[in-house]
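In case you want the letters, here they are:
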Amino acid sequence: MLIVVPEVFSKERVREIRAALDAAEWVDGKVTAGHQSAQTKFNSQIPENSPVAKQIGELILQALGTNPLFRSAALPLRVFPPLFNRYAGGQTFGTHVDNAIRTHGPTGGRIRTDLSCTLFFSEPEEYDGGELVVEDTYGSKSVKLPAGDMVLYPSTSLHHVTPVTRGARVSSFFWLQSMIRQDAQRTLLFDLDESIQRLAGGAQAEDAEVKKTTVQLTGVYHNLLRQWAEM
Ligand code: NI
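Model, not experiment: these values are computed from the prediction.

Criteria and cut-off values
- Residues numbered from 1 in each chain as written.
- Predicted model: local features only at pLDDT ≥ 70, side-chain atom pairs only at ≥ 80, totals over all residues.
- Heavy atoms only, no water.
- Helix = DSSP H or I, 4+ residues; strand = E, 2+ residues; numbered from the N terminus.
- Buried < 20%, exposed > 50% of the residue type's maximum accessible area, 1.4 Å probe, protein only.
- 1 Å grid on protein atoms, 1.4 Å probe; cavity = no way out; pocket = protein on both sides within 12 Å on 5 of 7 lines; lining within 4 Å.
- Points joined across faces, edges and corners; volume = space filled by probe spheres on them.
- Contact = heavy atoms within 4.5 Å.
- Polar contact = N/O pair within 3.5 Å; in protein donor to acceptor, adjacent residues only side chain to side chain.

**Q** Could you clarify how one ought to interpret unusual backbone geometry in this entry?
**A** With the exception of glycine, the majority of residues adopt a negative phi angle, and the majority of peptide bonds are in the trans configuration. At E7, a position not held by glycine, the phi torsion is positive, near 50 degrees. Its place among the elements puts E7 in the loop between strand 1 (3-5) and helix 1 (11-22). In this structure E7 comes out as exposed when scored by relative accessible area, which is 64%. Residues other than glycine seldom take positive phi values, yet L75 does so here, at roughly 40 degrees. In this fold, L75 is placed in the loop between helix 4 (68-74) and strand 4 (76-79).

Now the structure itself:
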C-alpha cells in the first residue's frame, strides 16, 4: 500500500525548514548507502549527526506523532531519525531495495524497515525529473508531491529516483518499524479504520443500529490489532 500524507507541514513552515536545509552542510549521499546501492546512488545528504538534521528531524517526528492519517496507515512502533537528501545536476538513484535493518550511527539503535517515507521540501515546479518510482506487483507508481506532503510505501518495494535535470529536489527520507510487519495486514487495518471513521462521522452516525455496528467494528479493529501487533 502506497499512501500520501498531505500537508505534514504548512507552506510557511516548509519555507523556514527549507531555508535551514539550504544553509546546512551537505556531503556525498553514499555515506548511508549499502555496498550495492552505493553504486547507483548519486545525491547529497546532510550528515546524520548534524544539529540541523536533528532539529528538523524532531519537528518531523512531532508533526507525524499527531497526524491521524500517518498513525492509522503506518501504526508506527519505532521511527528512524529523519535524514535529508538533495538531487541536482542530473543526479539520480537507480533501482534498489532499502536495507532490511538500519542502525542509527550516532545512537546504535536498530530498526526493521517496514515502511519507507519521503517528505518533499521542494515544489514540483522547482525541478524537472526527480520522480520517486515505486514498483508494485500492479505496475510502477510515480510520485512527485507538493512541498510539505509525504509518501509512505512498503520498504519491500524496488524503487528509484529519476534524474533531476533542472533545479534541485530537497526532501527528507526515513524508515519506520511498524507494529504490523505485513503490508497486507496493515492495509486491512487501515481500510477498516477508514470505514469506521466514515461510519462514525456520517449522517446516520446517531442511528441506534449504526452506533451498535460502529462499536462492533471498532472491537474487531482492536482485536485484530491485538492479534497481530508486535512490540
Ligand atoms: Ni531507497
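**Q** Looking at this model, I keep getting lost on empty space enclosed by the protein. Mind explaining?
**A** All told, the structure shown has one cavity of 30 Å³ or more when counted by the stated rule. The wall of the largest cavity is formed by 27 residues, among which F93, H96, D98, F173 and W175 lie closest to the centre. Every element with two or more residues in the lining of the largest cavity is listed here: strand 5 (83-88), strand 6 (93-96), strand 9 (115-120), strand 14 (159-161) and strand 16 (168-178). Examining the composition of the lining of the largest cavity, we find that five residues originate from one element, strand 16, more than from any other.

**Q** Would you explain the environment of K144 in this entry?
**A** Residue position: K144 is located in the loop between strand 12 (139-143) and strand 13 (150-154). Along the chain, K144 and G129 lie 15 residues apart, while their C-alpha atoms are 8.9 Å from each other. Once you skip the residues sitting within four places of it in the chain, K144 turns out to touch F120, P124, Y127, D128, G129 and E131. Looking at K144, its side chain comes within polar contact range of the main-chain oxygen of Y127, at 3.0 Å. Here the side chain of K144 touches G129 through a polar contact of 2.9 Å, landing on its backbone oxygen.

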